[in-house]
Amino acid sequence: MIRRLASHRRLLEVGALAAPILIVQAMGYLFAAGPAPAPAAGPPTTETPAEPIAAGAPAKLTDEQARAADWLAKRPPLGDLHSPFDARANSPPPPPPVTNPSTPVVTPPDPRGDPKPPPRQLAPPPMRLTAIIVSNDLRMAVIDGKVLRVGQEVAPGWIVSDINARGDLVKVTGSDGQTIELRSRPD
């Protein structure tokens, strides 16, 4: 008996939900109410067609467009906007590997007694290593805010000569052969 009451209750719930839908459908069928007719077309509009622009003739700009064009013309160039983390297919080929300069060749003194002064060593510029990025085939270092690869110049006469695989040491070599080691972690 309890089952019978539950099934009757369920039937009443379904009927209460379906009844309004059935009533609306039945009224539409009985009175043939379809979609409302489209409104009658109004009087024809008298728009003047736009004048065709002759090929090669410059179009007249609105004031807002002219201001935007002036603003763009006055902006400084943005330069190279490539991220060093872009796919390698979009990046330029890596620079050729830099070989450490060989040891300087000592030339014998001039027999005329005019000695040559020893080569002047470059004073190393102050350099601050911020980060080292190492992956399978890509090694980069951030020095003084510049993202650099091996072979690129840090300062005039100083290039990145090595970035080790552990990511804790960068070697910078001067044009005179002098080498500076920059560490990411102090020893």
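Worth saying up front: this structure is predicted, and the values here are computed from it rather than measured. Numbering of residues starts from 1 in each chain and follows the order in which that chain's sequence is written. Where totals are concerned, whole chains, interfaces and linings use all residues; where local detail is concerned, this predicted model gives features only for residues with pLDDT of at least 70, and gives and counts side-chain atom pairs only at 80 or more. In computing side-chain values, all of the structure's heavy atoms are included and hydrogens and water are not.

### Some thoughts on the overall build of the protein
Here is step 1: On a plain count of helices and strands, the protein comes out with two helices and seven strands.
Here is step 2: Under the scheme used here, helices are H or I runs from DSSP no shorter than 4 residues and strands are E runs no shorter than 2 residues, and both carry numbers assigned from the N terminus. Seen in sequence order, the protein has helices and strands lined up from the N terminus as α-α-β-β-β-β-β-β-β.
Here is step 3: A 1.4 Å probe rolled over the protein chains alone gives each residue an accessible area, and that area as a share of the maximum for its type sets the label: buried under 20%, exposed over 50%, partly exposed in between. Within the protein, the proportion of its 187 residues that are buried is 14%.
Here is step 4: The contact definition used throughout considers only heavy atoms, calling two residues in contact when any of these lie within 4.5 Å. Here the contacts in the protein between residues at least 6 apart in sequence split such that 40% fall between residues at least 24 apart.
Here is step 5: Surface accessibility in these figures is a Shrake-Rupley result with a 1.4 Å probe; residues are shielded only by whichever protein chains are displayed. Of the accessible surface of the protein, which amounts to about 16,200 Å², a share of 61% is contributed by carbon and sulfur atoms.

### Focus on the pairing of strand S3 (residues 146–149)
Here is step 1: In short, DSSP must find at least two bridges between two strands for them to pair. Sheet analysis places strand S2 (residues 139–143) next to S3, joined by four bridges and oriented antiparallel. Paired with methionine 140 across the bridge in S3 is arginine 149.

### Focus: the nonpolar core
Here is step 1: For the purposes of this section, nonpolar cores are sets of buried Ala, Val, Leu, Ile, Met, Phe, Trp, Tyr and Cys residues that join through side-chain atoms within 4.5 Å. Counting 15 residues, the largest nonpolar core has Met127, Ile143, Val170, Val172 and Leu182 as the members making the most contacts within it.
Here is step 2: Put simply, the parts of the chain that give this core at least two residues each are strand S1 (129–134), S2, strand S4 (153–155), strand S5 (158–163), strand S6 (169–174) and strand S7 (179–183).
Here is step 3: At three residues, the largest contribution of residues to this core is made by S5.
Here is step 4: Excluding anything up to four places from it in sequence, valine 172 contacts Met127, Ile143, Val154, Trp158, Ile159, Val160, Ser161, Gln178, Thr179, Ile180 and Leu182.

### Re the sheet that holds S4
Here is step 1: Sheet architecture is open: four strands sit in the order S4-S5-S6-S7, paired in antiparallel fashion. This sheet does not close on itself; its edge strands, each paired only once, are S4 and S7. The average angle at which neighbouring strand axes cross in this sheet is 35 degrees, direction not considered.
Here is step 2: Of the pairings in the sheet, the one linking S4 to S5 comprises two bridges and is antiparallel in character. The residue bridging alanine 155 from the neighbouring strand is tryptophan 158, located in S5. Where helices are involved, their axes are fitted lines through C-alpha atoms of the stretch in contact, as for all axes, and angles between N-to-C directions lie from 0 to 180°.

### Details of unusual backbone geometry
Here is step 1: Not every positive phi belongs to a glycine, and aspartate 144 is a case in point at roughly 55 degrees.
Here is step 2: With respect to the helices and strands, aspartate 144 occurs in the loop between S2 and S3.
Here is step 3: Residue class for aspartate 144 comes out partly exposed when judged on its relative accessible area of 41%.

### Notes on the pattern of salt bridges
Here is step 1: Counted as salt bridges are all cases of a side-chain nitrogen of Lys or Arg within 4 Å of a carboxyl oxygen of Asp or Glu. Under the defined criterion, the tally for this structure stands at three salt bridges.
Here is step 2: For glutamate 13, the salt bridge identified is with arginine 10, shortest N-O distance 3.6 Å. One end of the pair is glutamate 13 and the other is arginine 10, both in helix H1 (residues 2–30) and three residues apart, which spans about a single turn.
Here is step 3: A residue is classified by how much of its surface remains accessible, and glutamate 13, at 39% relative accessible area, is partly exposed.

### Notes on the sheet that holds S2
Here is step 1: Read across the open sheet, the three strands follow the order S1-S2-S3; overall the sheet is antiparallel. Pairing within the sheet leaves two strands with one partner each, and these edge strands are S1 and S3. For this sheet, the mean inter-axis angle between neighbouring strands, taken without regard to orientation, is 20 degrees.

### Remarks on the environment of glycine 151
Here is step 1: Here glycine 151 lies in the loop between S3 and S4.
Here is step 2: In the structure, glycine 151 is positioned 21 residues away from valine 172 in sequence and 9.4 Å away in space, judged by C-alpha atoms.

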